[in-house]
Amino acid sequence: MTVRESYAGSEGHAAVTPAGSTDPAGSTAKPASRASNPGLGLGGRCAMGLAGLAVLLALWWLGTDVFSPAGSMARRFSPGATFLSLAELLTASDLPLHILVSLRRIAVGLGFALLIGVPLGLAIGSWRRLEATLSPAMQFLRMISPLSWMPIAVMVFGVGDDPVYFLLTFAAVWPIVLNTAAGVQQLDPRWLQLAQSVAATRWETLRSVILPGVLGHILTGVRLAIGILWIVLVPCEMLGVSAGMGYFILDTRDRLAYSELMAMVLMIGVLGFLLDAAARALYRYWRG
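Since we're looking at a predicted model, the values are computed, not measured.

Asks: Could you give an account of the overall build of the protein chain, naming the residues involved and the relevant values?
Replies: A tally of helices and strands in the protein chain yields 11 helices and two strands. Among the 288 residues that make up the protein chain, the fraction classed as buried is 41%. Taking the intrachain contacts of the protein chain between residues at least 6 apart in sequence as the baseline, contacts between residues at least 24 apart amount to 74%. Of the roughly 15,500 Å² of accessible surface on the protein chain, a fraction of 69% belongs to carbon and sulfur atoms.

Structure representation (structure tokens):
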């Protein structure tokens, strides 16, 4: 399976020319904006989204407070107790510190993945022989769950942040590599010919043609990587670290603080939603 086959049809792969530039035929190429429903404005979408969240909250309440027998374990995870614990944790505990530690690990893991994934993706997309050589190995490695490397990471890197950074980087690098390579392969060859015709150096071609042309693909890979990172983060933070959201969940379990545990689960969902929204906003900003 090639890079093109793996990520064909992914979001953002329509851009084949640098944003806002003029193609060799003389027309101005602008990234196409996402089609929106003319009958549903921003207010309507927000209202429908809030309605969906309200339904989810109602199901949570019914499952814990209405249909669960009195004194059952499920009642300890009720929305009322969870929101009370969440308010207390945000104002009178070290939960904000744990959140900041987790966000720092996400940033470091994503940074390493970009440093590795973008150059590797550019190289694979530019040389078909390199793609043919590395594609089977990459497909094999990316199919291995990052969590399966946890014991090996601890044995190699020890206890602390280093194994967490390794696991997060391993999880995030593949969507960035594959999307970047697919973006290079889908560049309009006329742009590369134009760069050659004006005697542009390789660095000038990379900076002025290739990178602007594949930026949308890179941002798509970043969004996919953030989603994977957020899923892998919590179990990674159970590797003997002393801070972070995964550590906080283990701590609440050991203290039998079930409402705080559920509050942490709720906070993980909220933060993950905000990170994905930020990635989508960055992509929309690039597309104009």
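Asks: Outline the packing of helix α8 (residues 189-197) against helix α9 (residues 202-236), listing residues and values.
Replies: Closest axis-to-axis distance for the α8/α9 pair is 10 Å, and the angle between their directions is 150°. Here α8 is positioned roughly antiparallel relative to α9, judged by the angle of their axes. Helix-helix and strand crossings are classified by hand; for α8 and α9 the assignment is right-handed. Here α8 contributes Trp191, Leu192 and Ala195 to the contact with α9, which in turn contributes Thr205, Val209 and Ile210. Classifying every residue of the contact of α8 with α9 gives five nonpolar, one polar and no charged.

Asks: Can you lay out the packing of helix α4 (residues 95-126) against helix α5 (residues 128-142) for me, pointing to particular residues and giving the numbers?
Replies: Two elements in contact, α4 and α5, have axes separated by 6 Å at closest approach and are oriented at 125°. In terms of orientation, α4 and α5 fall into the oblique class. Contact residues: α4 offers Leu120, Ala123, Ile124 and Ser126, while α5 offers Arg128, Leu130, Glu131, Leu134 and Met138. For the contact of α4 with α5, the residue count by class is six nonpolar, one polar and two charged.

Asks: Break down the nonpolar core for me, with residues and values.
Replies: Ranked by size, the top nonpolar core spans 51 residues in total, and within it Leu110, Val214, Trp230, Met245, Met264 and Ile268 carry the most contacts. Those elements giving two or more residues to this core turn out to be α3 (79-92), α4, α6 (150-157), α7 (161-185), α9, α10 (245-254) and α11 (258-287). Here this core gets 13 residues from one element, more than from any other, and that element is α7. Residues within four places of Leu110 in sequence aside, it is in contact with Ile176, Val222, Ala225, Ile226 and Leu229.

Asks: Can you explain the packing of aromatic side chains? Please cite residues and give values.
Replies: Taken as a whole and assessed by the stated rule, the structure comprises seven aromatic pairs. Consider the rings of Tyr283 and Trp286, whose centres lie 6.2 Å apart with planes at 35°: the pair is tilted. Highlighted residues: Tyr283 and Trp286, both in helix α11, separated by three residues, approximately one helical turn. The buried category is assigned to Trp286, whose relative accessible area is 15%. Taken together, the ring pairs in this structure connect Trp149, Phe157, Phe166, Phe170 and Trp174 into an aromatic cluster.

Definitions and limits used
Residues numbered from 1 in each chain as written. Predicted model: local features only at pLDDT ≥ 70, side-chain atom pairs only at ≥ 80, totals over all residues. Heavy atoms only, no water. Helix = DSSP H or I, 4+ residues; strand = E, 2+ residues; numbered from the N terminus. Buried < 20%, exposed > 50% of the residue type's maximum accessible area, 1.4 Å probe, protein only. Contact = heavy atoms within 4.5 Å. Areas by Shrake-Rupley, 256 points an atom, 1.4 Å probe, with all protein chains shown as cover. Axes fitted to C-alpha atoms, helices over the stretch in contact; angles between N-to-C directions. Parallel < 35°, antiparallel > 145°, perpendicular 65-115°, else oblique. Left-handed = near helix turned anticlockwise from the far one by under 90°. Nonpolar A, V, L, I, M, F, W, Y, C, P; charged D, E, K, R; others polar. Core = buried A, V, L, I, M, F, W, Y, C linked by side-chain atoms within 4.5 Å. Phe/Tyr/Trp six-rings, centres within 6.5 Å; stacked < 30°, edge-to-face > 60°.

These values are about where atoms sit, not about what they do.
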